[in-house]
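Each chain, letter by letter, is given below.
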Amino acid sequence: MTKTDDLIERLAGDLKPVPSDALRRRFALGIVPALGLSLLLMLTILGPRVDISDVLMLPVFWIKSAYNALIAVVALLAVYRLSRPDGSEGRFFDVLALIFAAMAAVAAIQLIMAPTETYPVLILGSSALHCPLLILGFALPVYAGAVWALRQAAPTDLRLTGFVAGIAAGAAGAWVYSWFCTENGMPFVLIWYSLGILLTGALGAVTGPRLLRW
């Protein structure tokens with residue numbers, strides 16, 4: 001018994017307390033450079049809008065940007081909570097539904113105020129087929145950064161954590177893509193941007209149990 005106690009004491013003697021902000025720093029190191037990489041990919045592959053100075057004066061641009069940014073922030077906060085063994089998503093899905101409902105209201109108002117002949121442009125635009133896939137592509141670096149951070153944490157619901165991490169990455173990828181996208185239809189953003197975000201969430205739900213296992 002004495003030898004066992006001595007062994008435990010020697011093993012425990014080398015342990016050092018983990019800084020209280022270690023997990024936050026881990027997430028910052030995983031997410032911020034990954035978001036920068038997504039922006040660099042967008043600028044390299046697509047390039048910024050040539051009319052960006054004019055676009056920055058349009059409310060629809062900032063609504064589009066805010067929609068994606070809000071989802072990304074809310075989802076990242078939920079992922080941070082889920083990264084702990086006793087963590088949960090909190091009210092993530094309630095807040096997500098509120099953000100979606102607010103965007104749906106904006107889209108409905110735009111449709112009501114617009115002539116009916118403009119509906120195809122407002123809903124389908126000219127990039128509906130490739131918009132969700134581009135969002136997924138730009139989201140991958142952020143998802144990889146989130147997985148890297150989570151692998152040093154201890155989430156218990158791996159599928160849910162992967163799904164929410166995918167939503168966060170998808171929204172970040174959508175925010176990056178919004179700086180190139182020329183679509184000004186809020187129904188377009190509601191449908192096709194949300195589809196790209198959900199695709200990344202589905203990817204997280206599928207890969208989470210394998211990538212986040214500890």
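As recorded in an unreviewed UniProt entry, the chain goes by DUF1109 family protein and comes from Rhizobium acidisoli.

A.B. asks: Explain a nonpolar patch on the surface to me, and be specific about the residues and the numbers.
C.D. replies: Together, Leu37, Leu40, Leu41 and Ile45 line one region of the surface with nonpolar side chains, adding up to about 370 Å² of accessible area. You can call Leu40 exposed: its relative accessible area is 52%.

A.B. asks: Tell me about the packing of aromatic side chains, and please be specific about residues and values.
C.D. replies: Given two aromatic rings, one states the distance between the centres and the angle between the planes to describe the pair. Overall, the coordinates contain 11 aromatic pairs when judged by the stated rule. Considering the side-chain rings of Phe61 and Trp62, the 5.1 Å spacing of their centres and the 85 degrees angle between planes classify their relative orientation as edge-to-face. On the basis of an interplanar angle of 70 degrees and a centroid distance of 6.4 Å, the ring pair of Phe188 and Tyr193 is categorised as edge-to-face. In this structure Tyr193 comes out as buried when scored by relative accessible area, which is 0%. Members of the aromatic cluster, joined through ring pairs, are Phe138, Tyr177, Phe180, Phe188 and Tyr193. In this structure, Arg26 is placed above the aromatic ring of Trp148, and the distance from its NZ or CZ to the ring centre is 3.3 Å.

A.B. asks: Run through the pattern of salt bridges, naming residues and quoting values.
C.D. replies: Taken as a whole, this structure holds one salt bridge when the rule is applied. For the salt bridge of Asp94 with Arg91, the shortest nitrogen-to-oxygen distance reads 3.6 Å.

A.B. asks: Go over the nonpolar core with me, naming the residues and quoting the values.
C.D. replies: Counting 50 residues, the largest nonpolar core has Val164 and Tyr193 as the members making the most contacts within it. Those elements giving two or more residues to this core turn out to be helix H2 (22-45), helix H4 (59-82), helix H5 (92-113), helix H7 (131-150), helix H8 (158-178) and helix H9 (186-211). Among the elements that take part in this core, H8 stands out by supplying 12 residues, more than any other. Other than its neighbours up to four places away in sequence, Tyr193 contacts Lys64, Asn68, Cys131, Ile135, Ala174, Tyr177, Ser178, Cys181 and Phe188.

A.B. asks: Give me the lowdown on the environment of Ala102, citing residues and values where you can.
C.D. replies: Looking at the secondary structure, you find Ala102 in helix H5. For the pair Ala102 and Gly30, spaced 72 residues apart in sequence, the C-alpha separation works out to 30 Å.

A.B. asks: Residue-level account of the state of the cysteines, with values.
C.D. replies: If you walk through the whole model with that rule in mind, you get zero disulfides. Looking at the unpaired Cys131, the closest cysteine sulfur is the one in Cys181, lying at 5.6 Å. For Cys131, a relative accessible area of 0% corresponds to the buried category.

A.B. asks: Would you mind going over H9 in detail, with residue names and values included?
C.D. replies: An ideal rise of 1.5 Å per residue puts 38 Å on 26 residues; H9 measures up with 35 Å between its terminal C-alpha atoms. Along H9, the sharpest change in direction is near 30 degrees and occurs at Ala205; proline Pro209 comes one to four residues later.

A.B. asks: I'd like to hear about the UniProt feature "transmembrane region" (unreviewed entry) in the chain, residue by residue, with values.
C.D. replies: Taken from the UniProt record, the annotation "transmembrane region" (unreviewed entry) applies to residues 27-47, 59-80, 92-113, 119-148, 160-180 and 186-206. From the first C-alpha to the last, residues 27-47 spans 28 Å; its make-up is 90% helix and 0% strand. Overall, residues 119-148 shows 77% helix and 0% strand. The separation of its end C-alpha atoms is 42 Å.

A.B. asks: Now, about H7: what can you tell me, with residues and values included?
C.D. replies: In this model, H7 (20 residues) spans 28 Å end to end at C-alpha, consistent with the 28 Å of a helix rising 1.5 Å per residue. The sharpest bend along H7 measures roughly 35 degrees and falls at Leu140, with the proline Pro141 sitting one to four residues further on.

Here is what the cut-offs are and how they apply
Residues numbered from 1 in each chain as written. Predicted model: local features only at pLDDT ≥ 70, side-chain atom pairs only at ≥ 80, totals over all residues. Heavy atoms only, no water. Patch = residues over 30% accessible without salt bridge, like charges linked within 9 Å, V, L, I, M, F, W, Y side chains within 5 Å. Areas by Shrake-Rupley, 256 points an atom, 1.4 Å probe, with all protein chains shown as cover. Salt bridge = Lys/Arg side-chain N within 4 Å of Asp/Glu carboxyl O. Buried < 20%, exposed > 50% of the residue type's maximum accessible area, 1.4 Å probe, protein only. Phe/Tyr/Trp six-rings, centres within 6.5 Å; stacked < 30°, edge-to-face > 60°. Lys NZ or Arg CZ within 6 Å of the ring centre and 35° of its normal. Core = buried A, V, L, I, M, F, W, Y, C linked by side-chain atoms within 4.5 Å. Helix = DSSP H or I, 4+ residues; strand = E, 2+ residues; numbered from the N terminus. Contact = heavy atoms within 4.5 Å. Disulfide = S-S within 2.5 Å. Expected span 1.5 Å × (residues − 1). Bend = angle between axes of the 7 residues up to and from the residue. UniProt positions renumbered as here; feature names shortened; annotations may be inferred.

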